[in-house]
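Commentary on secondary and tertiary structure
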Amino acid sequence: MVDGRTRVVGIIGWPVEHSFSPIMHNAAFRERGMNWIYVPFPVPPGRVPQALEGIRALGIRGVNVTIPHKEAVIAHLDSLTPEAQAVGAVNTVVVEADGRMWGTNTDAPGFWSDLQAHGVSVTGEWVLVLGAGGAARAVVYALARAGANVTIANRTVGRATTLAHRIHQVLPHRSFRVVELRAETLAEEAQRHVLLVNTTSVGMWPHVEASPWPEGVGFGRIRVVYDVIYRPRETRLLRQAAAWGCRTIGGLGMLVRQGAEAWRLWTGDVPPVKAMEEAVRRVLEE
Ligand code: NAP
């Protein structure tokens, strides 16, 4: 029940109605019996400064930030964590009691903590990452931070080069390679890597028959394939990889853990990850 003591958090984006975050976060508050509520706030492009001022004025504890505002919020925050600086995007804002607002990016720790939950170690390894968009920035940073060297394969090679430079500046002791995402290159790269992470949007609902991995190309020495896409739960890429004998991991765990990390920052409590995962799983299966 909402009453005079209810604490408010939420999400700003445009649009926001398809977000799973309200379901996931409100399930966590229910699970813990906490008088908190997570509300979707549709904020049109160009209205970010007013939205942030409103959040501060209304005593809202924090918000998630989704497309298209993840970069636009940066200029209006008081400070950023090293994660947000490295990734160049904010997906979580925390408002302190004195009104100070800081931004962080929980995609990187969300991905990393899900890899750990699956017992996948990357320290000292070379990891092959497909894609160089927003998700790739978080994944490449998380991998490099954990001690991996990264090959980035992208359709637009220039974008991969920019990403490699960006993360190399922050983590100069890691090595990065950039290749074009096409069949001949991937066949070769598959012989050099044991872990593959897809961060492209290829195969995401409703284009579920698409895959970033060309049909007929083997997975070589790759043993683990992680696809950050969470809808569908099992992408075509994961089916191809499983048929080759690889271990496969879908993006649901990363989604839940990036949310759990934001929840922890706002509430200061240990997040009920299992309840959050069950809530998202239920809506994904609907
Ligand atoms: P984005 O910034 O738009 O980047 C899209 C990437 O996909 C780019 O590298 C793009 O290559 C590549 N791509 C798109 N269409 C392609 C095609 N037909 N052939 C080859 N490459 C193609 O998107 P994003 O924000 O990174 O999101 C990517 C995916 O990650 C989405 O499915 C999203 O749902 C998922 N995601 C999951 C989580 C999670 O928590 N599990 C978190 C964030 C994102 P170019 O550079 O050549 O255009």
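Residues numbered from 1 in each chain as written. Predicted model: local features only at pLDDT ≥ 70, side-chain atom pairs only at ≥ 80, totals over all residues. Heavy atoms only, no water.

A short note on the side chain of T199
- For T199, the position within the fold is in the loop between strand 10 (195-198) and strand 11 (224-227).
- Judged by its relative accessible area of 9%, T199 falls in the buried class.
- At 2.7 Å, the side chain of T199 and the backbone oxygen of L130 are in polar contact.
- Leaving out residues up to four positions away in the same chain, T199 has contacts with V129, L130, G131, A132, A135, A136, V139 and V228. (Helix = DSSP H or I, 4+ residues; strand = E, 2+ residues; numbered from the N terminus. Buried < 20%, exposed > 50% of the residue type's maximum accessible area, 1.4 Å probe, protein only. Polar contact = N/O pair within 3.5 Å; in protein donor to acceptor, adjacent residues only side chain to side chain. Contact = heavy atoms within 4.5 Å.)

Considering the site of the ligand
- In the vicinity of the ligand, 20 residues are found, and the nearest of them are A135, N154, T156, M204 and V228.
- Between R155 and the ligand, the recorded distance is 2.9 Å, taken from a side-chain N or O atom to an oxygen atom.
- Note that a nitrogen atom of the ligand is positioned 2.8 Å from one of the backbone N or O atoms of V228.
- Considering the ligand on its own, with 930 Å² of exposed area, one finds that the protein chains cover 75% of that surface.
- Residue assignment for the shell around the ligand shows that the elements contributing at least two residues are helix 5 (134-145) and helix 9 (252-267).
- Here the shell around the ligand is built from residues that sort into 9 nonpolar, 9 polar and 2 charged. (Near = heavy atom within 4 Å. Areas by Shrake-Rupley, 256 points an atom, 1.4 Å probe, with all protein chains shown as cover. Nonpolar A, V, L, I, M, F, W, Y, C, P; charged D, E, K, R; others polar.)

Remarks on the pattern of salt bridges
- In the structure shown here, the tally under the stated rule is 18 salt bridges.
- Salt-bridge contacts for R182 lead to E180; the nearest nitrogen and oxygen are separated by 3.4 Å.
- Relative accessible area serves as the criterion here: at 40%, R182 is assigned to the partly exposed category.
- Here R233 and E285 are joined by a salt bridge, their closest N and O atoms 3.5 Å apart. Of this pair, R233 sits in the loop between strand 11 and helix 8 (236-244) while E285 sits in helix 10 (residues 273-285), and the two are 52 residues apart along the sequence.
- Salt bridges sharing common partners tie together E209, E215, R236 and R239. (Salt bridge = Lys/Arg side-chain N within 4 Å of Asp/Glu carboxyl O.)

Considerations on the domain arrangement of the protein
- Annotation of the protein at the domain level lists domain 1 (7-105 + 253-284) and domain 2 (108-250).
- Between the C-alpha centres of domain 1 and domain 2 the distance comes to 26 Å.
- Taken together, the contact pairs 17 residues of domain 1 with 21 residues of domain 2.
- Seen at the junction of domain 1 and domain 2, the total is 3 salt bridges.
- Between R145 and E83 there is a salt bridge; the shortest N-O distance is 3.7 Å.
- Our count for the domain 1 to domain 2 interface comes out at 5 residue pairs in polar contact (both at pLDDT 80 or more).
- Elements represented by at least two residues in the side of domain 1 that touches domain 2 include exactly helix 3 (82-87), helix 9 and helix 10.
- Of the residues that constitute the side of domain 1 that touches domain 2, the class distribution is 7 nonpolar, 5 polar and 5 charged. (Domains from an automatic or database assignment.)

As for the pairing of strand 1 (residues 7-13)
- Of all 7 residues that make up strand 1, 5 are buried, and the element is covered over most of its length.
- In this sheet, strand 2 (residues 36-42) lies alongside strand 1 in parallel orientation, the contact comprising 7 bridges. Within strand 2, the position partnered with I12 by the bridge is F41.
- In this sheet, strand 3 (residues 62-65) lies alongside strand 1 in parallel orientation, the contact comprising 4 bridges. Note on strand 3: the bridge partner recorded for I11 is N64. (Pairing = 2+ DSSP bridges.)

What to know about the sheet that holds strand 3
- Strand order in this open sheet of 6 strands is 2-1-3-5-6-4, and the pairing throughout is mixed. Lying at the two open borders of the sheet, with one neighbouring strand each, are strand 2 and strand 4 (79-80).
- Pairing analysis gives 3 bridges linking strand 3 to strand 5 (residues 92-95), with the strands arranged antiparallel. Across the sheet, the residue bridging to N64 is T92, located in strand 5.
- With respect to the sheet, helix 9 is in contact with strand 1, strand 2, strand 3, strand 5 and strand 6 (101-104), its orientation differing from that of strand 5 by roughly 5°. (Axes fitted to C-alpha atoms, helices over the stretch in contact; angles between N-to-C directions.)

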